[in-house]
Amino acid sequence: MAKIIVITSGKGGVGKTTTSASISTGLATRGFKTAVIDFDVGLRNLDLVMNCERRVVYDFVNVIQGEAALQQALIRDKRAESLFILPASQTRDKEALTREGVEKVLNELSETFDYIICDSPAGIEHGAQMALYFADEAVVVTNPEVSSVRDSDRIIGILQSKSRRAEQGEDPVREHLLLTRYTPERVDRGEMLSVADVQEILAIPLLGVIPESQAVLNASNQGVPVILDEESPAGQAYDDAVARLLGENREHRFLQTQKKNFLQRMFN
Amino acid sequence: MADGGGASAAPGFQFRGAMLPLTVLELYSYDAREFESALCERIAQAPGFFSGMPLVVGLEKFAGAAATVDFAGMLATCKGLDVQLLGVRGGGDELVAAARSVGLAQFPATTSRPPRDEVRAQERTAESASEAKPPPAAADNTPRCASRVVTQPVRSGQQVCAPEGDLVVLSSVSAGAEVLAAGNVHVYGTLRGRALAGIHGDEDARIFCQSLQAELVSIAGRYKISEHLQGSGWKQPAKAELRDDTLIVTPLAE
């Protein structure tokens, strides 16, 4: 049985697809057979970030509607060999995702995969609800600003009331908070919510804090998940997050303003 | 109370609507000796609880003949056991007339949806009308059985309501969330959303919270929004109540 993890946020542009690409790559490089599904039907970003957009023949909706077999639609990642991407359709709309169809695909994937990562679209409508409905765990991606935190709070409420686990009275979906685009300097200046502020409002366990980094944009543009950029703080922070997702106990990094050393101070 | 001699122009009293907690004794059948021994037994289980208790006899489910009920005897029995019989609820014309003749008040029969205990009692009596024993919950529970306790945070976009009693939230109420109660609202976390107490007009309802950061608080329709809450008790443990028709918010520590 595969573990189904939804990457969700409510608000758009906070880093769901970046996170989906990095977490799925991180799981696959550790040897787990991982599938990542783009639920953002109509927009299709994941294949761009994963640099496989030119290899898309069939997509998620084709599989749901029986126009293609799952094996035909899955794209094997070129960097991590146990990673497969199921791209979204760009020509359909989100209503093409039916609960029965999604369930069928997830069940089929479950037979052979260890992890299924569902990259949710923004919003709280049908597409987002389909992405989270079958989840065992949820990574709630949040930026340290008020509207993103509000939307995350909303989506946590939906996870707790409208997921399959909630509807069937099973153990609740395990929620994780992933704070992205964090800038300690701006927190110090009072321009940004701190980790503690966000945690106090959302009250779910912290999976990781990804610092704001130019490396994220560069990686997206090049089609390389940022977790593979081992030099960058963002890449390292994603690696920590994957380790914690697997139960490892790692200390949180990149929470404080980097102290300048003696030489940097001399020449600044 | 305070205006004994001072305010001579003002009337000595004022009428106010109130919803007071009362215990209802649901009568299924009546036999003077049986009634006394059963009541005696119940009181022996919790003497402090029943001492001086105001009681109303519910006649909605009374199955016996009206002539079998001796209200004067019942009144005497209750008085002897230190229970204050106030009146009857429901019942046919004959029963009501008999009750009124001994000075008991008449309360209208319940028409709204019955609380769960009553539904269960109804089912039970339907199953076995003969073994009509009073449901244990009716006497043991205080009338606040409609209270609701929420252990999870109330998240943005969610609405939690206690339509018949108090609402107790053991966690926080997020901005964009709404909590409502017919009675009091207690929030043992931070109140960031909207809280409405006394939604059916109970002016004695109050709101209590561990940290007041609410978007809106309202009691029986009188409300204040966050802009007007900044003065007293903001970001502190606080309570809100109605005084002379005005919503007053004060820190709990005072």
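Structure report, in brief. No experiment lies behind these values; they were computed from the predicted model shown. Sequence order sets the numbering: in each chain, residues are counted from 1 along the sequence as written. Whichever chain is written first becomes A and whichever ligand is written first becomes 1, with later ones labelled in order. With the structure being a predicted model, the display of local features is reserved for residues of pLDDT at least 70 and the display and counting of side-chain atom pairs for 80 or more, all residues being used for whole-chain, interface and lining totals. The basis for every side-chain value is the complete set of heavy atoms in the structure, and neither hydrogens nor water enter the calculation.

1. Concerning the overall build of chain A
What counts is decided by this rule: What counts as a helix is a DSSP run of H or I of at least four residues, what counts as a strand is a run of E of at least two, and both are numbered from the N terminus. Burial classification: accessible surface area is computed with a 1.4 Å probe over protein chains only, and a residue below 20% of its type maximum counts as buried, one above 50% as exposed, and the rest as partly exposed. Accessible surface is estimated by sampling points in the Shrake-Rupley manner with a 1.4 Å probe; for residues, cover comes only from the protein chains shown.
Across its full length, chain A holds 13 helices and eight strands. Split into buried and exposed, the 268 residues of chain A put 55% on the buried side. Accessible surface, chain A as shown: approximately 12300 Å² in total, 46% of it carbon and sulfur.

2. Observations regarding the pattern of salt bridges
Between side chains of opposite charge, a pair can form as their charged atoms come close. Residues and elements named next belong to chain A. Filter applied, for reference: For salt bridges, the criterion is a side-chain nitrogen of Lys or Arg within 4 Å of an Asp or Glu carboxyl oxygen.
With the rule as written, the count across this model stands at 26 salt bridges over all chains. Residue Glu212 is joined to Arg181 by a salt bridge in which the shortest nitrogen-to-oxygen separation is 3.1 Å. Here Glu212 is found in the loop between strand 8 (206-211) and helix 11 (214-222), whereas its partner Arg181 is found in strand 7 (residues 174-182), with 31 residues between them in sequence. With a relative accessible area of 40%, Glu212 lands in the partly exposed category. Salt bridges sharing partners connect three or more residues here, namely Arg30, Asp239, Asp240, Arg244, Glu248, Arg250 and Arg253.

3. So, the sheet that holds strand 8 (residues 178-181) of chain B
Residue and element names in this part refer to chain B. To keep things clear, this is the line we draw: Note on pairing: DSSP must find at least two bridges between two strands before they are called paired. Axis definition: a line fitted to C-alpha atoms, limited for helices to the stretch in contact. Angles are taken between N-to-C directions and run from 0 to 180 degrees.
Taking strand neighbours across the sheet as the criterion, the five strands line up as 6-8-10-12-13 in an open arrangement whose pairing is mixed. Of all strands in the sheet, those bounded by a partner on one side alone are strand 6 (159-162) and strand 13 (222-225). Averaged over all pairs of adjacent strands, the angle between their axes in this sheet comes to 5°, without regard to strand direction.

4. Quick word on the interface of chain B and chain A
The criterion, for reference: Between two residues, a contact is recorded if the distance between any of their heavy atoms is within 4.5 Å. Buried area adds together the accessible area that both of two parts lose upon being put together, with accessible area traced by a 1.4 Å probe. Residues were grouped as follows: Ala, Val, Leu, Ile, Met, Phe, Trp, Tyr, Cys and Pro as nonpolar; Asp, Glu, Lys and Arg as charged; and all remaining residues, including Gly, as polar.
Counting from both sides, the interface comprises 11 residues of chain B and, opposite them, 11 residues of chain A. Approximately 890 Å² of surface area, both sides summed, lies buried where chain B meets chain A, with 35% of it carried by carbon and sulfur atoms. When the buried area of chain B at its contact with chain A is split by residue, B:Arg155, B:Ser156 and B:Arg192 rank highest and sum to 59% of it. Viewed at the interface, chain A and chain B are joined by two salt bridges. Two residues, B:Arg192 and A:Glu200, come together in a salt bridge whose shortest N-O distance is 3.0 Å. Tallied by class, residues from the side of chain B that touches chain A come to one nonpolar, seven polar and three charged.

5. So, a nonpolar patch on the surface
We apply this condition: The patches described consist of residues with a relative accessible area above 30% and no salt bridge, like charges being joined within 9 Å and nonpolar side chains (Val, Leu, Ile, Met, Phe, Trp, Tyr) within 5 Å.
Taken together, B:Val149, B:Leu170 and B:Tyr188 make up a surface patch of nonpolar side chains, about 300 Å² in accessible area. By secondary structure assignment, the location of B:Leu170 is in the loop between strand 7 (167-169) and strand 8.

6. A look at unusual backbone geometry
Residue and element names in this part refer to chain B. Positive phi, normally seen in glycine, also occurs at Asp82, with a value near 60°. Within the element layout of this structure, Asp82 appears in the loop between helix 3 (71-80) and strand 3 (83-89). Residue classification places Asp82 among the partly exposed residues on the basis of a relative accessible area of 40%. You will see that Asp244, though not glycine, has its phi angle at about 50°, which is positive. What makes Asp244 exposed here is its relative accessible area of 74%.

7. Focus on the sheet that holds strand 4 (residues 105-107) of chain B
Residue and element names in this part refer to chain B. Across the sheet, four strands lie side by side as 1-2-3-4; this open sheet has parallel pairing. Across the chains shown, the open sheet's two edge strands, defined by having one partner strand only, are strand 1 (23-26) and strand 4. Pairwise comparison of adjacent strand axes, ignoring direction, gives a mean angle of 40° for this sheet. For strand 2 (residues 53-58) and strand 3, the ladder comprises six bridges, and the chain directions are parallel. Residue pairing in the sheet places Leu55 in a bridge with Leu85 of strand 3.

8. Some words on helix 7 (residues 146-162) of chain A
Operational definition: Each residue after the first adds 1.5 Å to the expected span of a helix.
With 17 residues, helix 7 of chain A ought to run about 24 Å at 1.5 Å a step, and its terminal C-alpha atoms sit 24 Å apart, in line with that. Buried-residue contacts for helix 7 of chain A involve strand 1 (3-8), helix 6 (126-133), strand 6 (137-142), helix 8 (164-167), strand 7 and helix 10 (195-202) of chain A.

9. Considering the environment of B:Val150
All names here are of chain B. Mapped onto the secondary structure, Val150 falls in strand 5 (residues 148-150). Here the alpha-carbon distance between Val150 and Leu167, two residues 17 residues apart in the chain, equals 7.7 Å. Excluding residues within four positions of it along the chain, Val150 makes contact with Val160, Leu167, Val168, Val169, Leu170 and Ser171.

10. Regarding the side chain of A:Ser24
Residue and element names in this part refer to chain A. Convention followed: Two N or O atoms count as a polar contact when they lie within 3.5 Å, although within protein this holds only if one can serve as hydrogen donor and the other as acceptor, and sequence-adjacent residues are included solely when both atoms are side-chain atoms.
Counting through the fold element by element, Ser24 comes out in helix 1 (residues 16-29). Judged by its relative accessible area of 0%, Ser24 falls in the buried class. At 3.1 Å, the side chain of Ser24 forms a polar contact with the backbone oxygen of Ala21. Ignoring anything within four residues of it in the chain, the contact list for Ser24 reads Thr34, Val36, Met50, Leu83 and Ile117.

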